[in-house]
Amino acid sequence: LRYLMAYIYKIEEEPYILEIEDALTAGSIMHEILLLFFTQFMEKNESFSASRLAEYGDQIGSCAQKVFRSWEKAEDQFFGPAWESFRKKTLKQMLEYPAAEAEFFNEYKPVALEQWMEFTLDKEKVRAGGFIDRISENAGEAVIVDYKKSWKKQKREKFICEDDAGELLAPEKGYQLPFYILLARAAGIKVAGTSYYSIKDAKHYPVSGIGGVLNDE
């Protein structure tokens, strides 16, 4: 058929790159890789050091391969060109992570990974909670990091909305990290900063703390 199309009908074959379209699955795999990577730091009680980027590249690459294999064993649909394309792209993105981490969080030590935290609103008797991707600490101050497949820098107005009288309104986006700050504070953690990490861009986008759009709030 390929011969017929190419040489008889003169129809050229265009390149076609297969990718996994399931964003939930892709996000879960990327979260697992980063969880495994930072678990090694917690087990050794180590801080992230910008002087060890080459070593971290090897480590996170090994973590990625372990997670790929575990998904291949558990799910029989992870094979073929689509899966190979996803593996290649994800591995490249994970290898870019250590350099991005070093830019903002050098010498920070992970203290909580995929941690469930909650608090109760006494008056309403409502319990609120959520899983925080990572909390890291340095000199007694903590930062909260949330991983996103993709993210872009947002203006302050996306997080803090006010009416003409200065009353707070529901923000357009950005509930997540401010809410996580409340969760961490309820657990007695002093939060000095928060950041979204965009896996697609290989870049941290601080929300509060140094370089954050809410650094004065």
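Residues numbered from 1 in each chain as written. Predicted model: local features only at pLDDT ≥ 70, side-chain atom pairs only at ≥ 80, totals over all residues. Heavy atoms only, no water.

*Asks:* Would you take a moment to explain the packing of aromatic side chains for this structure?
*Replies:* The geometry of an aromatic ring pair comes down to the distance between the two centres and the angle between the two planes. One pass over the structure, following the stated rule, counts 17 aromatic pairs. For the pair Phe-68 and Trp-83, a centre-to-centre distance of 5.8 Å together with 85° between the ring planes defines the contact as edge-to-face. One end of the pair, Phe-68, is in helix H3 (residues 53–74); the other, Trp-83, is in helix H4 (residues 80–95), and 15 residues separate them in sequence. Ring centres 5.6 Å apart and planes at 85° place the aromatic pair Phe-105 and Tyr-108 in the edge-to-face group. Classification of Tyr-108 by relative accessible area gives buried; the value is 16%. Through pairs of rings, three or more aromatic residues link up here, namely Phe-37, Phe-38, Phe-41, Phe-48, Tyr-56, Tyr-97, Tyr-147 and Tyr-197. The ring of Phe-38 has Arg-134 sitting right over it, with the charged end atom 4.1 Å from the ring centre. (Phe/Tyr/Trp six-rings, centres within 6.5 Å; stacked < 30°, edge-to-face > 60°. Helix = DSSP H or I, 4+ residues; strand = E, 2+ residues; numbered from the N terminus. Buried < 20%, exposed > 50% of the residue type's maximum accessible area, 1.4 Å probe, protein only. Lys NZ or Arg CZ within 6 Å of the ring centre and 35° of its normal.)

*Asks:* Is there a simple way to think about unusual backbone geometry in this case?
*Replies:* Here Glu-107, not a glycine, exhibits a phi torsion of approximately 70°, which is positive. Relative to the assigned elements, Glu-107 resides in the loop between helix H5 (97–105) and strand S1 (109–121). Residues other than glycine seldom take positive phi values, yet Glu-114 does so here, at roughly 45°. Locating Glu-114 in the fold gives a position in strand S1.

*Asks:* Would you explain the pairing of strand S6 (residues 191–198) in this entry?
*Replies:* Taken residue by residue, a regular strand's side chains alternate between the two faces of the sheet. Burial analysis of S6 places seven of its eight residues in the buried class, the great majority of the element. Bridging between strand S3 (residues 141–148) and S6 involves seven bridges; their strand directions are parallel. Across the sheet, the residue bridging to Tyr-147 is Tyr-197, located in S6. Bridging between S6 and strand S7 (residues 203–208) involves five bridges; their strand directions are antiparallel. Each bridged residue has a counterpart across the sheet, and for Ser-198 the counterpart in S7 is Lys-203. Connecting S6 to the next strand, S7, in antiparallel fashion are four residues, including Ala-202 with a positive phi near 55°. (Pairing = 2+ DSSP bridges.)

*Asks:* Would you mind going over H4 with me for this structure?
*Replies:* In an α-helix, one turn spans 3.6 residues; hence positions three or four apart end up facing the same way. End to end, H4 covers 23 Å across 16 residues, agreeing with the expected 22 Å (1.5 Å per residue, within 8%). Contact partners of the buried residues in H4: helix H2 (23–44), H3 and H5. (Expected span 1.5 Å × (residues − 1). Contact = heavy atoms within 4.5 Å.)

*Asks:* What am I meant to see in the sheet that holds strand S2 (residues 126–138) here?
*Replies:* In a beta sheet, neighbouring strands are held together by backbone hydrogen bonds and run either parallel or antiparallel to one another. Ordered by their spatial adjacency, five strands build an open sheet running S1-S2-S3-S6-S7, and the pairing between neighbours is mixed. At either margin of the open sheet sits one strand with a lone partner, and together these are S1 and S7. If you compare each strand with its neighbour and ignore which way they point, the axes differ by 35° on average. In the packing of H2 onto the sheet, contacts are made with S1, S2 and S3, and the angle to S1 comes to roughly 110°. Running at roughly 140° to S3, helix H6 (residues 176–186) makes contact with S1, S2, S3, S6 and S7 of the sheet. (Axes fitted to C-alpha atoms, helices over the stretch in contact; angles between N-to-C directions.)

*Asks:* Could you clarify how one ought to interpret the pattern of salt bridges in this entry?
*Replies:* Where charged atoms from two side chains of opposite charge approach closely, those side chains can pair. Across all of its chains, the model carries eight salt bridges by this definition. For Glu-46, the salt bridge is made with Arg-52, and the minimal N-O distance between the two is 3.4 Å. Accessibility expressed as a relative area gives 25% for Glu-46, which makes it partly exposed. In this structure, Lys-92 and Glu-96 form a salt bridge, with 3.0 Å as the shortest nitrogen-oxygen distance. Salt bridges sharing common partners tie together Glu-46, Arg-52 and Glu-55. (Salt bridge = Lys/Arg side-chain N within 4 Å of Asp/Glu carboxyl O.)

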